[in-house]
Every structure is written in structure tokens, then in C-alpha cells.
Amino acid sequence: MGYIIAVCGKGGTGKTTISSLIVNWLIKNKKARVLAVDADPNSNLAINLGFKPKASIGGMLDEVSKNPSVIPQGMSKPEYIEYRIQTEMVEADSFDILVMGRPEGPGCYCYVNNLLRDIVKKLVKSYDYIVVDNEAGLEHLSRRTMRQADTVLIVSDDTSVGLRSARRIFDLIKELDIKANKSFLVLNRSNISADNKEIKESGIEYLDSLPSDQEVLELSIKGRPLSELSSGSTALKSIERICRKLWP
Ligand SMILES: Nc1ncnc2c1ncn2[C@@H]1O[C@H](COP(=O)(O)OP(=O)(O)OP(=O)(O)O)[C@@H](O)[C@H]1O
Ligand SMILES: [Mg+2]
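Residues numbered from 1 in each chain as written. Chains lettered and ligands numbered in written order. Predicted model: local features only at pLDDT ≥ 70, side-chain atom pairs only at ≥ 80, totals over all residues. Heavy atoms only, no water.

A. Spatial organisation of the site of ligand 1. The full set close to ligand 1 counts 17 residues, and Lys15, Thr16, Thr17, Asp213 and Ser220 are the nearest of them. Asp40 is positioned with one of its side-chain polar atoms (N or O) 3.3 Å from an oxygen atom of ligand 1. At 2.8 Å from an oxygen atom of ligand 1 is found a side-chain nitrogen or oxygen belonging to Ser220. The protein chains hide 82% of the 630 Å² of surface that ligand 1 would expose on its own. Its residues placed into classes, the shell around ligand 1 shows 4 nonpolar, 9 polar and 4 charged. (Near = heavy atom within 4 Å. Polar contact = N/O pair within 3.5 Å; in protein donor to acceptor, adjacent residues only side chain to side chain. Areas by Shrake-Rupley, 256 points an atom, 1.4 Å probe, with all protein chains shown as cover. Nonpolar A, V, L, I, M, F, W, Y, C, P; charged D, E, K, R; others polar.)

Right, dumping it as C-alpha cells:
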């Protein structure tokens, strides 16, 4: 069973950036099988990782619902969907990426959600590390993809509003009964130090922070992958430190 790290937080805090940097670090340093899960329907994890976004699982589910005759005789719908995910959605290179997307068509979401959850549950067994970039907020983390994580990183900015929202997510993890072994606060574009009063009051164990990094922003503006960051990048240095703390 792979090590699941879920990255969540308020909108625009840097979840996708941090997820991508962690994926890149794992590939470089662990030489392990890594699965990047883009669980945000407005996904851009693929771009940050240098992939052309392919069809999402949501889109494929729509296609199968619209045209059930594509399911070969003797195969059940879940079997077929699993087969499609394994052959198309996951690109094997130095790592694999799963773009969840969101089905557009009518139909029972519970069915789709349960199906996705089961498939992801099976899939995670084939990887050493699974990095999940989540949609802003957390509700879907329980509903859609997985109910457990070895580590949850809650990303926030320095503001008290941001930290309060991080706290709500932290509480939600407990309420939703997500089996999170460990939850940490990670501050992004941050200028404050660890002994800050607001951090302490957030009640979430503080892991580390990343500074604002012009290089990250420039690549984002150009739509370039984060693997192009120079070795002098301050965000990259922070990620190095964060990953060494997570996997000493
Ligand atoms: N440390 C940083 N320094 C500079 N720019 C950053 C940093 N972190 C993130 N950004 C930029 O901020 C923007 C939002 O970051 P990102 O997409 O990672 O946030 P997100 O939490 O995934 O957003 P969403 O909630 O929309 O999914 C991007 O343009 C990104 O390049
Ligand atoms: Mg994002």
C-alpha cells in the first residue's frame, strides 16, 4: 500500500504548486513509483507537472454513460471503467497521473463517487507514493476519492482569515472521519516565523513554510512546468526541507 499524502486548503493558497513540487522531489529523490492524483475538477496539476491534460475520468464516465454499448459483452460496467482507467488515464513515464475531473452527465453521483473510490483504493496499491492535489475545501475528499491519508498538508497563507480556514479544514478532517495519520500546517508565500502566535492558535501542528518565489510565479504565468525551476529557487529549497522532514 502506497504512502498517501493529501494536499488541501483554501482556494489559491498553493495546493497545486506544492503537490507538483512534492511529486518532482519524490521522483528525483526516492526513485519510487509515484502516482499524482489531480482531484480538482478545474485541474492544472498536469500542466504544472509538464503534461498535456488528457481526458479525465469524469469525462470517460460520461462517455460510457452516454454510450453503454462500448462495454464489451461479459464485462461489467465497473470492470470496464477500471480497465479504461488503467489503459488510458494513467500515463506511465517517470510517474503516473490520474485526472479525476467531474462527470457532467446526469446519474447518481453516489454511484460514481463510490466507483471512483473503489478504483482509487485498488490503484493506490500499485504505487509507493500517492500525492493528491485536492479541490479547494475538503468536502469532496471524503465523498469522492479517498477516505484516508498518511499525511495531510493543510496549506494556508499568513493571514488570520487563512489560518481560520485552515483550522476549519483541520476540524472537518476529524468530523468526516477521514483516517489521517498526521495533519500539518504548511504556510505558503509566507513571511512569518514558526513561533508566531497565530500559528500556535491555529491548533494545527506547523510543519514549515515556503516564501513567495518569483520564479514559481513566472513559470505559472508562462504555463511552464515547475520542473524548470532553477536550483536557486527559494520554493524548491523549502520543498526540499519539507520532504526531508516528512521522509527523513
Ligand atoms: N510560493 C509561491 N511563490 C510565488 N507564487 C506562488 C507560490 N505558490 C503559489 N504561487 C502561485 O499562486 C497561484 C496559485 O497557486 P496554486 O494554483 O498552486 O494554488 P491552488 O491552491 O492549487 O489554487 P486552487 O484553489 O485554484 O486550486 C499560481 O499562479 C502559483 O504559481
Ligand atoms: Mg489547485
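B. Main features of the sheet that holds strand β2 (residues 34-38). As summarised here, the arrangement of the 7 strands in space is β3-β2-β4-β1-β5-β6-β7, forming an open sheet in which the pairing is parallel. The sheet terminates laterally at β3 (96-99) and β7 (206-209), the two strands that pair on one side only. Strand-to-strand twist of the sheet, defined as the mean angle between neighbouring strand axes without regard to direction, takes the value 20°. Helix-sheet contacts for helix α7 (residues 160-175) involve β1 (3-9), β5 (148-156) and β6 (179-187), and the interaxial angle to β5 is about 165°. Each of β1, β5, β6 and β7 is contacted by helix α10 (residues 234-246), which is oriented at about 155° to β7, the strand it contacts most. (Pairing = 2+ DSSP bridges. Helix = DSSP H or I, 4+ residues; strand = E, 2+ residues; numbered from the N terminus. Axes fitted to C-alpha atoms, helices over the stretch in contact; angles between N-to-C directions. Contact = heavy atoms within 4.5 Å.)

C. Broad picture of the pairing of β1. With 6 of 7 residues buried, β1 lies mostly within the body of the structure. The pairing of β1 with strand β4 (residues 129-133) spans 5 bridges and is parallel. What sits directly across from Ala6, in β4, is Val132. When β1 meets β5, the two strands line up parallel, connected through 5 bridges. When the sheet's bridge partners are listed, Cys8 is paired in β5 with Ile154. (Buried < 20%, exposed > 50% of the residue type's maximum accessible area, 1.4 Å probe, protein only.)

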